[in-house]
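# Working through the structure, step by step
What follows is each chain in one-letter form.
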Amino acid sequence: MRSHLHIGDRVQVRSAGGSPAARKYAGKKGRVTMRGPGLDSIMVDVQIEENTFDTVFEEQDLRTTTDKHS
């Protein structure tokens, strides 16, 4: 089941994510800044909490969180 993330959503990178970015940032939290179609899945740009730049993930690499400190 897809999460259907939206711009502004707070997310956490799944530790079981399949992309290289998900493996690198597993467990990190951030905020969705952009989303759009990729070749095989929805691609989502996320600004990870300690980064000043966006990282691109596949939608299934992420889950929404209610953490107020992301």
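The structure we're discussing is the one just above.
Summarised in this report is the structure supplied together with it. Counting restarts for each chain: residues are numbered from 1 in the order of the written sequence. For this predicted model, a pLDDT threshold of at least 70 governs which residues receive local features, and a threshold of 80 or more governs which side-chain atom pairs are given and counted, while totals over whole chains, interfaces and linings are taken from all residues. Hydrogens and waters are ignored; side-chain quantities use all the structure's heavy atoms.

For sheets, the rule is that strands pair by backbone hydrogen bonds, running either parallel or antiparallel. Whether two strands pair comes down to DSSP finding at least two bridges between them. Only DSSP runs of H or I with at least four residues qualify as helices, and only runs of E with at least two residues qualify as strands; both kinds are numbered from the N terminus onward. What the five strands build is an open sheet, ordered β4-β3-β2-β1-β5; its pairing is antiparallel. The sheet is open, and its two borders are formed by β4 (54–58) and β5 (62–64), each paired with just one other strand. The average angle at which neighbouring strand axes cross in this sheet is 45°, direction not considered. Relative to strand β3 (residues 42–48), strand β2 (residues 29–37) runs antiparallel, the two sharing seven bridges. Note on β3: the bridge partner recorded for Met34 is Asp45. Only the contacting stretch of a helix is used when fitting its axis, a line to C-alpha atoms as for every element, and angles between N-to-C directions run 0 to 180 degrees.

With that out of the way, let us pick up the packing of aromatic side chains. Centres within 6.5 Å make a pair out of two Phe, Tyr or Trp rings, where for Trp the six-membered ring is used; the pair is then stacked when the planes are under 30 degrees apart, edge-to-face when over 60, and tilted otherwise. Throughout the structure, instances matching the rule amount to one aromatic pair. Ring centres of Tyr25 and Phe57 lie 6.3 Å apart, and the angle between their planes is 75°; this geometry places the pair in the edge-to-face category. In this pair, Tyr25 is assigned in helix α1 (residues 20–25) and Phe57 in strand β4, connecting sequence segments 32 residues apart. Residues Tyr25 and Phe57 agree in their burial class; the two are buried. Each residue is assigned to one of three classes by its accessible area relative to the maximum for its type, calculated with a 1.4 Å probe on protein chains only: buried under 20%, partly exposed between the two thresholds, exposed over 50%.

Here we come to the side chain of Ser19. Assignment of secondary structure puts Ser19 in the loop between β1 (10–13) and α1. Note on definitions: a residue-residue contact is assigned when non-hydrogen atoms from the two residues lie within 4.5 Å. The contacts of Ser19, once residues within four sequence positions are left out, are Phe57, Glu58 and Asp61.

The next thing to look at is the nonpolar core. For our purposes a nonpolar core is just a set of buried Ala, Val, Leu, Ile, Met, Phe, Trp, Tyr and Cys residues, chained together by side-chain atoms within 4.5 Å. Of all hydrophobic cores here, the largest spans 12 residues; its members are Leu5, Val11, Val13, Ala21, Ala22, Tyr25, Val32, Val44, Val46, Ile48, Phe57 and Leu62. Looking at this core, the elements that each hand over two or more residues are β1, α1 and β3. Those residues within four positions of Val13 in sequence are excluded, and the remaining contacts are Ala22, Tyr25, Ala26, Gly27, Lys28, Ile48, Phe57, Asp61 and Leu62.

This brings us to the environment of Thr64. By secondary structure assignment, the location of Thr64 is in strand β5. Between the C-alpha atoms of Thr64 and His6, which are 58 residues apart in sequence, the distance is 9.7 Å.

For the rest of this paragraph, the subject is the pattern of salt bridges. Definition used for salt bridges: Asp or Glu carboxyl oxygen within 4 Å of a side-chain nitrogen of Lys or Arg. What the rule picks out here adds up to two salt bridges. Two residues, Lys28 and Glu50, come together in a salt bridge whose shortest N-O distance is 3.6 Å. Of this pair, Lys28 sits in the loop between α1 and β2 while Glu50 is found in the loop between β3 and β4, placing the two residues 22 residues apart along the sequence. Given a relative accessible area of 45%, Glu50 falls into the partly exposed group. We note a salt bridge from Arg35 to Glu59, for which the minimum N-O separation is 3.4 Å. Placement of Arg35 in strand β2 and of Glu59 in the loop between β4 and β5 is noted, with a sequence separation of 24 residues between them. Accessibility expressed as a relative area gives 34% for Arg35, which makes it partly exposed.

All we've got here are geometric facts, nothing functional implied.
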